[in-house]
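# Inside the fold
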Amino acid sequence: MDSDRCHRHTSTKRKRVSHLHPSTLARAAFLYLSDLRKGGAVQPMREKVLKIITYPHPTLRHESKPVKRVDADLRKMISRMFELMYEAKGIGLAANQVDLPLRLFVVNLAANAGEGEELVFINPVLSRPRGSEESEEGCLSLPGVYGDVVRPKQVRVNAFLLDGTELNADLDGMMARVVQHETDHLDGVLFTDRLSETGRMDVDDALHEFTLEFQSRRETGDIGSDEEIAQRLAEMEQKYC
Ligand SMILES: [Zn+2]
């Protein structure tokens, strides 16, 4: 999620997650398997440099599958996601925004390395939506596009953190909004899908420009075909889901 405009609206509401009073915080049986499978003939993944993909890349519409294993490669990819998020001055980034079909996202409300709290939400499930609030949102997959989105003001999240801890927390303020925006990504939903009719009309020209640029990048071979992308996502799902 893009930080620029949201901070203007809600800078007084920024909180560290540690102030969010997790209702329960329990160790969980989240499986961490080494990628060194004994005696297994594991095919090396095709090397791919992670970068943030932009609208209308098809992976942004991919419904991400729950992650069943975290290995050294995935930890490296998550670390790279934080780097990319900071470079883009974002506060949240979902895995499918870097072309990974995995049900996880990273958040740091401080938007800077070495500040705030780095959180990785794995297999997040949202419940107990309460209240309603409109606030302006942006997205690292739609740079420069902003719009007002109505979302529940508070929400409960259940997720696994990177250390295997199970988190159950009632969120509000900016954290509630970011977690909802990023969970939407994992379901293939963009904030522009949630704009009012007039809000959508305001961003239509920009979306059209993104579409034209995407098509031209595809023609130059910079972006693979739908089939190539689907094949790579299937390989990743087979490895981690
Ligand atoms: Zn986004």
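Residues numbered from 1 in each chain as written. Predicted model: local features only at pLDDT ≥ 70, side-chain atom pairs only at ≥ 80, totals over all residues.

Now for the overall build of the protein. When helices and strands are tallied, the protein shows five helices and eight strands. Its helices and strands in sequence order give the protein the pattern α-β-α-β-β-β-β-β-β-β-α-α-α, from N to C terminus. Of all 241 residues assigned to the protein, the portion counted as buried reaches 34%. Of all intrachain contacts in the protein linking residues separated by at least 6 positions in sequence, the fraction that spans at least 24 positions is 72%. (Helix = DSSP H or I, 4+ residues; strand = E, 2+ residues; numbered from the N terminus. Buried ≥ 20, exposed ≤ 12 C-beta atoms within 10 Å, placed from the backbone. Contact = placed C-beta atoms within 7 Å.)

With that out of the way, let us pick up the nonpolar core. Ranked by size, the top nonpolar core spans 53 residues in total, and within it L104, F105, V106, V107, F121, V157 and V179 carry the most contacts. Broken down by secondary-structure element, the contributors of at least two residues to this core are α2 (72-87), β2 (92-94), β3 (104-107), β4 (119-130), β7 (154-160), β8 (165-171), α3 (173-186) and α5 (226-240). With six residues, the single largest contributor to this core is α3. Each residue touching V179, except ones within four places of it in the same chain, is listed here: F121, P124, V155, V157 and L171. (Core = buried A, V, L, I, M, F, W, Y, C linked by C-beta atoms within 7 Å.)

With that out of the way, let us pick up the confidence of the model for the protein. When the pLDDT values of the protein are averaged, the result is 86; 81% of them are 70 or greater. Below a pLDDT of 50 lies the segment residues 6-46, which in the model reaches 58 contacts outside its immediate sequence neighbourhood of four places, other chains included. (pLDDT = per-residue confidence, 0-100.)

Moving on, we come to the environment of A113. Among the structural elements, A113 can be located in the loop between β3 and β4. What makes A113 partly exposed here is the crowd of 13 C-beta atoms within 10 Å. Considered as a pair, A113 and M85 are 28 residues apart in the sequence and their alpha carbons are 9.5 Å apart.

It is worth spelling out the pairing of β4 at this point. The sheet contact formed by β3 and β4 spans four bridges and is antiparallel. Note on β4: the bridge partner recorded for F105 is F121. Two strands pair when backbone bridges link them, and β4 and β7 are joined in this way by five bridges, in the antiparallel orientation. Bridge pairing links R130 to Q154 in β7. (Pairing = 2+ DSSP bridges.)

The next subject is α2. Over its 16 residues, α2 runs 23 Å from end to end, which matches the ideal 22 Å to within 8%, given 1.5 Å per residue. Regarding α2, the residues found buried are L74, I78, M81 and M85. The arc enclosing the buried residues of α2, seen along the axis, measures out at 50 degrees, which places them on a common side. Exposed positions of α2 whose direction lies more than 90 degrees from the buried face are A72, K76, E83 and E87. Contact partners of the buried residues in α2: β2, β3, β4 and α5. K89 sits one or two residues past α2 and shows a positive phi near 60 degrees. (Expected span 1.5 Å × (residues − 1). Arc of directions from axis to C-beta.)

The omega angle of the peptide bond from Y55 to P56 is 0 degrees, so this bond is cis rather than trans. For P56, the location among the structural elements is in the loop between β1 (22-27) and α2. With a phi angle near 50 degrees, N123 is a residue other than glycine that sits in the positive phi range. Within the secondary structure layout, N123 lies in strand β4.

In this model helix α4 (residues 197-219) runs 32 Å from its N-terminal to its C-terminal C-alpha over 23 residues, within 8% of the 33 Å that 1.5 Å per residue would give. Roughly 45 degrees is the biggest bend found in α4, and it falls at V203. Count one or two residues on from α4 and you reach G221, which has phi positive near 85 degrees. (Bend = angle between axes of the 7 residues up to and from the residue.)

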